[in-house]
Every structure is written in C-alpha cells, then in structure tokens.
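# Tertiary structure, described
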Protein chains: 2
Amino acid sequence: MGISERKERERQEMRAKIIDAAIGMFLTEGYEKTSIRNIAEKIEYSPATIYLYYKDKDELLYEVQKQAFEKLEETFDREVTSTHPFERLTQLCKSYVRFGRANPEMYDLMFMIKAPMNCVEAEDGWDNNSDSFMLLLNTLKECMEHGLIRFKDPMVAALSVWAMGHGLVSLDVSCRLKAMQIDEHMLVQLTEASIDQYLELIKS
Amino acid sequence: MGISERKERERQEMRAKIIDAAIGMFLTEGYEKTSIRNIAEKIEYSPATIYLYYKDKDELLYEVQKQAFEKLEETFDREVTSTHPFERLTQLCKSYVRFGRANPEMYDLMFMIKAPMNCVEAEDGWDNNSDSFMLLLNTLKECMEHGLIRFKDPMVAALSVWAMGHGLVSLDVSCRLKAMQIDEHMLVQLTEASIDQYLELIKS
DNA sequence: GGAAAATATAAACAGTGTTCAGTAAATTTG
DNA sequence: CAAATTTACTGAACACTGTTTATATTTTCC
C-alpha cells in the first residue's frame, strides 16, 4: 500500500521544513539565540510539534551540522582539484580557511560550538566530519609517498595541518585576534601569509 | 574619614565573593549551565544583589576571564624561564598547550566561548590577553633578531604560532578530534609530536 | 533622634527547552 | 458506511533562565 510511503515522505518533508528553518535562523542569529519557539513560529506550527520530529535542540543542531559539512565537501569538490598532491594540499588548506572566514556562523556550528558533541559522546567517532578529515589524511599520505612534505607520521601531519587551519579560522571567528590590535584588511593579509609560510615550511 | 574607605573595601570584598563563586561554578559546570541564581544561592544572597556589583552575566565572565589570564601568566612565569630565545619559545608553546589541556573549562572561557567578546566589541583591543600575546611576540622578535627562526614578519610569526597552539588545544577541548578516532593516550602523543615537529620546522 | 543615602530583596517580566493531556483528523477495521 | 483506532497536532503547564523594579531594611550623616 502507498499510504505508508506517502506518510514517510510527508514525515521527511516535515523534517526538512524544520531543518531549513533551523539552518536559516542558526546562521543569522546563532545557535543559542535561536529558540524552538522561533523555529516553530517560522514554519507555522506549535513548538511541541518539532519534538515529534526531533528529540531535542541538540539533535536539530546535529542535523544542521550534517548539512554544513556537505556544503564544506561540495566546496572542496569545486576547489580542491589539482592532480599534484602538494598543490592539492595547498588548495585544501586555502579552501578550508576561506570557507571558515566566509561562513563564520556555520564554522562555529561545525567546529567550535560545544553543544552537539555531548550527544555523540557515547558513539564511536564523529561521523559528520570524517569525510573531510579523510580527504586531508589521504592528501597528506600521497604527499608523503612522493616525498613532498617533511612529515613522517600521517596522523601527526593531519593533526598539525588541521590545527593550523582551525587555529587561524577559529581565533578570528571567536574574535580573539582583537589581542593583535590590527584592522580587518591587515588580518586577511596576515592569515594568508601564515598559510603560505606554513606550506612553505612543511615542503621538503 | 575612614568610612568610605571601608565601604569601598567591603564593596571589593563582595565583588571578590561573587567572582570566587562564579569561577568555581563556571569551571565545574560551564558558563552556560551556571545561572545567576545558582551563584546567588552559593554566596547566600538574592540574585538581584549580584546586579548591584556587576552589570550582567557577561561582565562576570569578563572578570573571571581576567583572573584566568592571570593564572596563565603565572604559569608562564614559572615555566618559561630560559634565557635562550628559541628555548624560551619552546617552553612557551608547551606551557600554553599543557595549560589548555589541563584546564579545558578555563581554556574554553578564555579562548573559545563566544559570550564576553561581544561586550568588548566597541572598545579597542582585548585587554585580558594582551600581556600573554606580548610575551609571545617579544620572544619571537628576539628569536628573529638572533636568526633562530625562519619567519620574516613578527606578526605573521605570532599569528602562526598562536594558531598552531590554539588549534591543537581547542580541537581537543571542543571534542572535534573524535574525527580522528584515536584514544586519549595516542592523542597526547600526537599533540606532543605536532608541537615538536612544528618547532623543528620553524627553526632555521 | 530623624532625614538621607546606601544596600538588599521579593516579586515580576519576558524569555527558554521540554513534557503531557487532550483534541482533531486520517486511517483501518467490522 | 459507521465505529474504532491510530496518527498528527497543540495549549497549557513545568521548571528553568537573565534582568528590572518597587519595596524594605540597614547604615551614615547632620
């Protein structure tokens, strides 16, 4: 019978409707400032209805995160295209930092906010991000196979490169670079220079 | 007259009482989960009283942050002692990362949480952290004067080193390293190796 | 001692995430 | 088709949150 199929489809549509509203509000207002009531109002349902489709606000965020990572992976697909491993690593780093700086609220949800990681505590690993991390890890491995970078351990390499990229983006997103007392324009240049410098340093 | 002096002293004592309670609760429960009501209960005053001493919850956090940075600076005073510039840079990096990993909740308040930076928006710079940043900057400048590191611009150097250190700590504190699917022991080793590797890389 | 000033608080406001009893609609069953 | 049952939804409530305000208490000053 096609009824249960339609029901399931309607359920997914409703879930999408909720998530779409949530994404929009999380990105414009931030996670904390977006309330279930606001989301409910936007989709013209009662707040309680949302709980029929998502367990709690954290699950909502987890779902939004999922979509954010899909966006990041799409960006990588577009911008990380070179066949030369080190060139590809360069593209990956720059693409990552550009993405973070261009979408600070999204970056916050993906890599900085504390909320949704609690609910993943019990589970093994953190699914949302594993694809992107694998892309980095594999690119680095390939670089190492060709002797293009000065790393010996691929995991150390992955952690280092990610840490550098994340550090640059997150210090900016969290406004901690105010300690440097420089203007926005200068900051962009310094960030760019830091990445270039770092890639130069790891090149063998 | 000594009355106004006593009044001022009592005022500072009350401020300290509030902050002490706040620190304790922020570190054990986190900023978001600590309520003004909880703090008030702990010091046995009404919630409204707190507002006679601090403008709002953000100002409370800003004050707690201040003390956290004093703790960080004390740690640096103890652990960053070498007269050799590069050796001192090494001590600084390791001390920073160790501090962050040993005090994740405090690190969160200092470098990750979003809340208190908003209220600093208008002001120029971010006072709390400027001493530590200056220590890093000056150490790097000294290294450069002696030709010990491969950086040309001290600001690029400071941003790079800070980004690397902050990246390593914050990815861990925010649980994002779950993407790497490794155990705690391995993680400590990888982090250590990443710092060593980085210091090796920037050495000229 | 009594006016003035400083200090503390109970109560209220407007908001939050979440739960639950109860209603209305859609579906299945007899 | 009508009755019974399942599904979808919601209003109201609960237990919180940060913050403000009018009121009460204490302290200082003349």
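Just so we're clear, the structure is a prediction, and the values are computed from it rather than from any experiment.

The next thing to look at is the relation of the copies chain A and chain B. Between chain A and chain B, which share one sequence, the superposing operator has a rotation angle of 180 degrees and an axial displacement of 0.0 Å; the RMSD is 0.1 Å. Those values place the two copies in the arrangement expected of a two-fold rotation axis.

This paragraph deals with the nonpolar core. Judged by nonpolar contacts, the single largest core of 100 residues is most densely connected at A:Leu89, A:Phe111, A:Trp162, B:Leu89 and B:Phe111. Those residues in contact with B:Phe111 that sit more than four places away from it in its chain are A:Ser174, A:Arg176, B:Phe69, B:Leu72, B:Tyr96, B:Trp126, B:Asn129, B:Trp162 and B:His166. By size, the runner-up hydrophobic cluster in this structure holds 22 residues, among which are A:Ile23, A:Leu61, A:Leu109 and A:Ala115.

Here the focus is the protein's contact with DNA strand D. Taken together, 21 residues sit near DNA strand D, with A:Thr49, A:Tyr53, B:Arg6, B:Arg37 and B:Tyr51 positioned nearest. Sugar plus phosphate, as a fraction of atoms of DNA strand D within 4 Å of the protein: 60%. Contact distances for DNA strand D include 2.4 Å between a phosphate oxygen and a side-chain N or O atom of A:Tyr53. Of all the elements in the fold, those that place two or more residues in the surface near DNA strand D are helix H3 (47-53) of chain A together with helix H1 (3-29) and helix H2 (36-42) of chain B. With four residues, H3(A) is the single largest residue contributor to the surface near DNA strand D. A per-class count over the surface near DNA strand D returns nine nonpolar, five polar and seven charged.

Right, let's get into the packing of helix H4 (residues 57-79) of chain A against helix H7 (residues 127-145) of chain A. Residues and elements named next belong to chain A. Interaxial distance between H4 and H7 falls to 8 Å at its minimum, and their mutual angle equals 20 degrees. It follows that H4 is roughly parallel to H7 by the angle criterion. The handedness of the crossing between H4 and H7 is left-handed. When H4 is examined against H7, the residues Tyr62, Gln65, Lys66, Phe69, Leu72, Glu73 and Phe76 are found in contact with a partner set consisting of Asp127, Asn128, Asn129, Asp131, Ser132 and Leu135.

Before going further, it helps to examine the protein's contact with DNA strand C. Inspection of the region around DNA strand C gives 21 residues, with A:Arg6, A:Arg37, A:Tyr51, B:Thr49 and B:Tyr53 positioned closest. When the atoms of DNA strand C within 4 Å of the protein are grouped by moiety, sugar and phosphate amount to 59% of the total. Between DNA strand C and the protein, one listed contact pairs a base nitrogen with a side-chain N or O atom of A:Arg37 at 2.6 Å. Listing elements by their share of the surface near DNA strand C, those giving two or more residues are helix H1 (3-29), helix H2 (36-42) and H3 of chain A together with helix H3 (47-50) of chain B. The residue inventory of the surface near DNA strand C, partitioned by class, reads nine nonpolar, five polar and seven charged.

Take the interface of chain A and chain B next. Across the contact, 51 residues belong to chain A and 51 residues belong to chain B. Here chain A and chain B share an interface that buries about 4,500 Å² over both sides, 67% of which is from carbon and sulfur atoms. For the pair chain A and chain B, the interface holds four salt bridges. With its nearest N and O atoms 3.0 Å apart, the salt bridge here joins B:Glu105 to A:Lys114. Where chain A meets chain B, there are 14 residue pairs in polar contact (both at pLDDT 80 or more). When residues of the side of chain A that touches chain B are traced back to their parent elements, those giving at least two are helix H6 (104-112), H7, helix H8 (154-173) and helix H9 (184-202) of chain A. Looking at the side of chain A that touches chain B, the element that brings in the most residues is H8(A), giving 12 residues. Split by residue class, the side of chain A that touches chain B holds 29 nonpolar, 12 polar and 10 charged.

What follows concerns the pattern of salt bridges. Residues and elements named next belong to chain A. Counted by the stated rule, this structure contains 22 salt bridges over all chains. Of the charged contacts, one joins glutamate 192 and lysine 94 as a salt bridge, the two residues approaching to 3.2 Å between their closest N and O atoms. Here glutamate 192 is found in helix H9, whereas its partner lysine 94 is found in helix H5 (residues 85-102), with 98 residues between them in sequence.

Once that is clear, we can look at the packing of H9(A) against helix H8 (residues 154-173) of chain B. Packing of H9(A) against H8(B) leaves a shortest axis separation of 9 Å and a crossing angle of 75 degrees. Of the possible angle classes, the one that applies to H9(A) and H8(B) is roughly perpendicular. Contacts between H9(A) and H8(B) involve A:Leu190, A:Thr191, A:Ala193, A:Ser194 and A:Tyr198 from the former and B:Met155, B:Val156, B:Leu159, B:Ser160 and B:Met164 from the latter. Of the residues belonging to the contact of H9(A) with H8(B), the class tally is seven nonpolar, three polar and no charged.

Our next topic: the packing of aromatic side chains. Residue and element names in this part refer to chain A. Applying the stated criterion across every chain yields a total of 15 aromatic pairs over all chains. When the centroid spacing of 6.2 Å and the interplanar angle of 75 degrees are considered together, the rings of phenylalanine 111 and tryptophan 162 count as edge-to-face. Note that phenylalanine 111 is positioned in helix H6 and tryptophan 162 in helix H8, a separation of 51 residues in sequence. Owing to a relative accessible area of 1%, phenylalanine 111 belongs among the buried residues under this scheme. Taken together, the ring pairs in this structure connect Phe69, Tyr96, Tyr107, Phe111, Phe133 and Trp162 into an aromatic cluster. Sitting over the face of the ring of tyrosine 31, lysine 57 holds its NZ or CZ atom 4.4 Å from the ring centroid.

A word on the environment of A:Lys152. Relative to the assigned elements, A:Lys152 resides in the loop between H7 and H8. With 45 residues separating them along the chain, A:Lys152 and A:Gln197 place their C-alpha atoms 20 Å apart. Ignoring sequence-local partners within four residues, the contact set of A:Lys152 consists of A:Met144 and B:Gln197.

Residues and elements named next belong to chain A. Looking at where glutamate 79 falls in the secondary structure, it is placed in helix H4. A C-alpha to C-alpha distance of 28 Å links glutamate 79 and alanine 21, two positions 58 residues apart in sequence. Sequence-distant contacts of glutamate 79, defined by excluding residues within four places in its chain, comprise Gln91, Ser95 and Arg98.

Conventions adopted
Residues numbered from 1 in each chain as written. Chains lettered and ligands numbered in written order. Predicted model: local features only at pLDDT ≥ 70, side-chain atom pairs only at ≥ 80, totals over all residues. Heavy atoms only, no water. Least-squares fit on C-alpha atoms with pLDDT ≥ 70 in both. Core = buried A, V, L, I, M, F, W, Y, C linked by side-chain atoms within 4.5 Å. Buried < 20%, exposed > 50% of the residue type's maximum accessible area, 1.4 Å probe, protein only. Contact = heavy atoms within 4.5 Å. Near = heavy atom within 4 Å. Polar contact = N/O pair within 3.5 Å; in protein donor to acceptor, adjacent residues only side chain to side chain. Helix = DSSP H or I, 4+ residues; strand = E, 2+ residues; numbered from the N terminus. Nonpolar A, V, L, I, M, F, W, Y, C, P; charged D, E, K, R; others polar. Axes fitted to C-alpha atoms, helices over the stretch in contact; angles between N-to-C directions. Parallel < 35°, antiparallel > 145°, perpendicular 65-115°, else oblique. Left-handed = near helix turned anticlockwise from the far one by under 90°. Buried area = accessible area lost by both parts, 1.4 Å probe. Salt bridge = Lys/Arg side-chain N within 4 Å of Asp/Glu carboxyl O. Phe/Tyr/Trp six-rings, centres within 6.5 Å; stacked < 30°, edge-to-face > 60°. Lys NZ or Arg CZ within 6 Å of the ring centre and 35° of its normal.

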